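Survey of secondary and tertiary structure
Below, each chain spelled out in residue letters.
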Amino acid sequence: MWTSLKSWIDDLSPACKQASEWQSRALDAPLPLRKRAGLWIHLRLCRWCRRYGQQIGLLRQVCRKCDEEPASPPKAGLSDEAKERMKQRLQSRRD
Ligand SMILES: [Zn+2]
């Protein structure tokens, strides 16, 4: 009885450390209802955890984008335009 009451209270009033851990976990899978409610209440009161949540959300978005669009490797060598310019310069020196 007391153990379950304590776990209810713990879930509904998480400390910052717990709240930040739950925010990270919530990015991967939905939290149980009680923890979600506790987190919601905590985020209304704590701007540090709100900010943390925004930052990890942003990081997640950036990581997803990187996974979706892998950076293309840089082109080796000169561009066609640069090659043409060099050719014209060399030719003009010969003339
Ligand atoms: Zn907090």
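Quick summary incoming for the structure in this document. Worth saying up front: this structure is predicted, and the values here are computed from it rather than measured.

Some remarks on the packing of helix 2 (residues 16-28) against helix 4 (residues 47-68)
For the pair helix 2 and helix 4, interaxial distance at closest approach is 10 Å and the crossing angle is 25°. The orientation of helix 2 relative to helix 4 falls into the category roughly parallel. Relative to helix 4, helix 2 is oriented so that their crossing is right-handed. Taken together, the residues of helix 4 that come into contact with helix 2 (itself represented by C16, A19, S20, Q23, S24, L27 and D28) are C49, Y52, G53, I56 and R60. Here the residues of the contact of helix 2 with helix 4 are counted per class, giving 6 nonpolar, 4 polar and 2 charged.

Some thoughts on the coordination of the zinc ion
For the zinc ion, the protein coordination sphere consists of C16 (SG), H42 (NE2), C46 (SG) and C49 (SG), at 2.1 to 2.4 Å. Geometry at the zinc ion is tetrahedral, judged from its 4 donor atoms and the angles of 100 to 114° they form at the metal. Along the chain, the residues donating to the zinc ion fall in the pattern C-x25-H-x3-C-x2-C. Taken together, the positions of C16 in helix 2 and H42 in helix 3 (residues 33-45) put the pair 26 residues apart, joining distant regions of the chain. Classification of C16 by relative accessible area gives partly exposed; the value is 40%.

Parameters and conventions
Residues numbered from 1 in each chain as written. Predicted model: local features only at pLDDT ≥ 70, side-chain atom pairs only at ≥ 80, totals over all residues. Heavy atoms only, no water. Axes fitted to C-alpha atoms, helices over the stretch in contact; angles between N-to-C directions. Helix = DSSP H or I, 4+ residues; strand = E, 2+ residues; numbered from the N terminus. Parallel < 35°, antiparallel > 145°, perpendicular 65-115°, else oblique. Left-handed = near helix turned anticlockwise from the far one by under 90°. Contact = heavy atoms within 4.5 Å. Nonpolar A, V, L, I, M, F, W, Y, C, P; charged D, E, K, R; others polar. Donors = N, O, S within 2.8 Å, 3.2 Å for Na, K, Ca; no water. Tetrahedral: all angles 85-135°; square planar, octahedral: opposite > 155°, others 65-115°. Buried < 20%, exposed > 50% of the residue type's maximum accessible area, 1.4 Å probe, protein only.

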